[in-house]
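Here is what each chain is made of, one letter per residue.
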Amino acid sequence: MRTLTVFTPTYNRAYCLHLVYESLVRQTSSDFEWLIIDDGSTDHTGELVSLWMSENRIPIRYHRQENQGMHGAHNAAYERIETKLNVCIDSDDYMPDDAVEKIVDFWLRHGSDEVCGFAGLDCYKDGTIVGTRFPEGLHASTLYDIYQRNGVTGDKKLVYRSELTKQYPYPIFEGEKYVGLAYKYHMLDRKYKLLLMNEVLCVVEYLPDGSSRNMLKQYRKNPKGFAFYRRQLMLLPFASRAFKFKQAVHYVSSSLLSRNASWFRETPAKFLTLMALLPGLMLYIFILRKTSILKG
């Protein structure tokens, strides 16, 4: 059995999905398979993948489902992954030619059941690192501590043990298509650390139709998913009070957007949520105004 599954959630990205494919064909290690989750594409994604599968240059598995959003696509991927490790490469990104080799070699040298996986770096097409590198001398950390206590910034590429990512499936809310992916990662933070490697594993490009470029619209359209995410982060036992207060502000805002009459009963931090009421209301108004402008 291969060591790594590279999985790619995709929705109407036939115009750029070839970048992932071509980078996987160029890999210096063949110890992987590519799992494509087609989240209800209406373009020619299926035909394109069929062509690549017929070429038989790399092992490809393809699953098509009704559109559920990124978190629903991740759920489908984790249900189907059979390898020891997995990494998500988005449909507008690609891997350096030696990325799989680096992942497998790093795990063979340093991996164990004591950690949930490891984190590497993302870079832009010009080679510039996204955000900052990991601090020298820091070999392991929770994802929370990476950002909140060690001052690291920018997206990082996360490689997880597959048996663990099958835990904590993302909830699906009717009429909504977004739940923060970090929910699962922070749940794993409660028991495990990530190993850290200052090596580039993914080349990224933030396209205009990507979710990171449309976060305000996501916030407006998916308030139940956002409220769930913020509720869970308020429960983290290791999180600082300032961090939890920020989550409470967003929880208030999302609860107002979803018109949830039970918002106060459902919050796990009632005093913090009361303190967050005014800034949460201000954020709610800001989101309404901004998304109205974007619609116009």
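In what follows, the structure referred to is the one given above.
This report concerns the structure included in the present document. (Residues numbered from 1 in each chain as written. Predicted model: local features only at pLDDT ≥ 70, side-chain atom pairs only at ≥ 80, totals over all residues. Heavy atoms only, no water.)

So, about the overall build of the protein. Scanning the protein from N- to C-terminus turns up 13 helices and eight strands. The C-alpha atoms of the protein give 20 Å as radius of gyration, which agrees with the globular expectation for 296 residues (19 Å, within 12%). Across the protein, contacts joining residues at least 24 apart in sequence account for 79% of those joining residues at least 6 apart. Here the protein has roughly 14,000 Å² of accessible surface; of this, 52% comes from carbon and sulfur atoms. (Helix = DSSP H or I, 4+ residues; strand = E, 2+ residues; numbered from the N terminus. Rg over C-alpha atoms; globule rule 2.2 N^0.38 Å. Contact = heavy atoms within 4.5 Å. Areas by Shrake-Rupley, 256 points an atom, 1.4 Å probe, with all protein chains shown as cover.)

With that settled, consider the side chain of T273. Checked against the element boundaries, T273 lands in helix α12 (residues 270-275). Look past the residues within four positions of T273 in its chain and what remains in contact with it is M234, A248, Y251, V252, W263 and T267.

Moving on, we get to the packing of aromatic side chains. Using the criterion set out here, one finds 15 aromatic pairs in the structure. Relative to Y78, the ring of F7 lies with its centre 5.3 Å away and its plane at 70°, an arrangement referred to as edge-to-face. Remark: Y78 occurs in helix α3 (residues 70-80) and F7 occurs in strand β1 (residues 4-10); sequence separation between them is 71 residues. Accessibility classification places F7 together with Y78 in one group, the buried group. An aromatic cluster of three or more residues is present, and its members are Y170, F173, Y183 and F228. Between the NZ or CZ atom of K184 and the centre of the ring of Y170, over which it lies, the distance is 5.0 Å. Here the guanidinium or amino end of K270 rests over the ring plane of F264, the centre of that ring lying 5.7 Å away. (Phe/Tyr/Trp six-rings, centres within 6.5 Å; stacked < 30°, edge-to-face > 60°. Buried < 20%, exposed > 50% of the residue type's maximum accessible area, 1.4 Å probe, protein only. Lys NZ or Arg CZ within 6 Å of the ring centre and 35° of its normal.)

Taking strand neighbours across the sheet as the criterion, the eight strands line up as β3-β2-β1-β4-β7-β5-β8-β6 in an open arrangement whose pairing is mixed. Of all strands in the sheet, those with a lone pairing partner are β3 (60-64) and β6 (140-141), marking the two edges. Relative to strand β8 (residues 193-203), strand β5 (residues 115-123) runs parallel, the two being bridged by seven bridges. Opposite F118, over in β8, you have L195 as the bridge partner. (Pairing = 2+ DSSP bridges.)

Take the environment of H74 next. Topologically, H74 is positioned in helix α3. On a C-alpha basis, the gap between H74 and S50 in space is 21 Å, while along the polypeptide they are 24 residues apart. Excluding residues that lie within four positions of it along the chain, H74 makes contacts with F7, P9, C88, Y170, L181 and Y185.

Judged from the five bridges that link them, strand β2 (residues 32-38) and β3 form a sheet pairing that is parallel. For L35, the partnering residue across the bridge sits in β3 and is R61. Running through helix α2 (residues 45-55), the crossover from β2 to the neighbouring parallel element β3 is right-handed. (Right-handed = clockwise from strand over helix to strand, strands pointing away.)

Before going further, it helps to spend a moment on the pairing of β5. The buried count for β5 comes to nine of nine residues, which makes it a mostly enclosed element. In the sheet, β5 pairs with strand β7 (residues 156-161) via five bridges, with the strands oriented antiparallel. In the sheet register, F118 faces β7, and the bridge partner there is V159.

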